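Structural characterization, general
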Amino acid sequence: MTVDILELPTGSRKQVAARSSSKPLTALKVKNHKEGVLADTHPHSGLRLRANKNGSKTWFYRYKLADKLKQIKLGTWPGM
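Within every chain, residues take consecutive numbers counted from 1 along the sequence as written. In keeping with the model being predicted, local features are shown solely for residues with a pLDDT of at least 70 and side-chain atom pairs are shown and tallied solely at 80 or more, while totals for entire chains, interfaces and linings include all residues. Processing note: side-chain calculations cover all non-hydrogen atoms of the structure and skip hydrogens and water entirely.

A word on the pairing of strand E4 (residues 68-77). Regular strands have side chains that alternate between both faces of the sheet. The rule for pairing is simple: two strands pair if DSSP sees at least two bridges between them. The helix count covers DSSP runs of H or I at least four residues long, the strand count covers runs of E at least two residues long, and both are numbered beginning at the N terminus. Inspection of the sheet shows strand E3 (residues 57-65) paired to E4 by nine bridges, in the antiparallel sense. Considered in E4, the bridge of phenylalanine 60 is made with lysine 73. Linking E3 back to E4 in an antiparallel pair, the connection comprises two residues, with alanine 66 at a positive phi of about 55°.

As structure tokens, this is what we get:
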């Protein structure tokens, strides 16, 4: 009988959270996120949530214009 071993990420919690997942953002995931950046998946791949140590969370949208990365602030969570 063989047993598959699950590999756990070796990065810190903040680094792991900054990676985009294969699942879209949910209200529960956003509410429970403590620190770092959460990125959404396609078709909303530019949508990001930045959570600070003090508990504040801000929504941003990233896009490219003329080969330059731009970012705009959309608002704070949970107000928006």
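We now examine the packing of aromatic side chains. Pairing of aromatic rings covers Phe, Tyr and Trp, the last through its six-membered ring, and needs centres within 6.5 Å; plane angles under 30 degrees mean stacked, over 60 mean edge-to-face, and all others mean tilted. Tallied over the full model, the rule gives one aromatic pair. Ring centres of tyrosine 61 and tyrosine 63 lie 6.3 Å apart, and the angle between their planes is 20°; this geometry places the pair in the stacked category. Here the term buried applies to any residue with accessible area under 20% of the maximum for its type, exposed to any over 50%, and partly exposed to those in between, with areas from a 1.4 Å probe on protein chains only. The class of tyrosine 63 is partly exposed, set by a relative accessible area of 31%. Above the plane of the ring of tryptophan 77 lies lysine 57, whose end atom (NZ or CZ) is 4.6 Å from the centre. Sitting over a ring, as applied to charges here, requires NZ of Lys or CZ of Arg to be within 6 Å of the ring centre and within 35 degrees of the ring normal.

The next point concerns unusual backbone geometry. In this structure, proline 78 follows tryptophan 77 across a cis peptide bond, with omega equal to 5°. Here alanine 66, not a glycine, exhibits a phi torsion of approximately 55°, which is positive. Inspection of the secondary structure puts alanine 66 in the loop between E3 and E4. Although it is not a glycine, aspartate 67 sits at a positive phi angle of roughly 60°. Summarising the element assignment, aspartate 67 is placed in the loop between E3 and E4.

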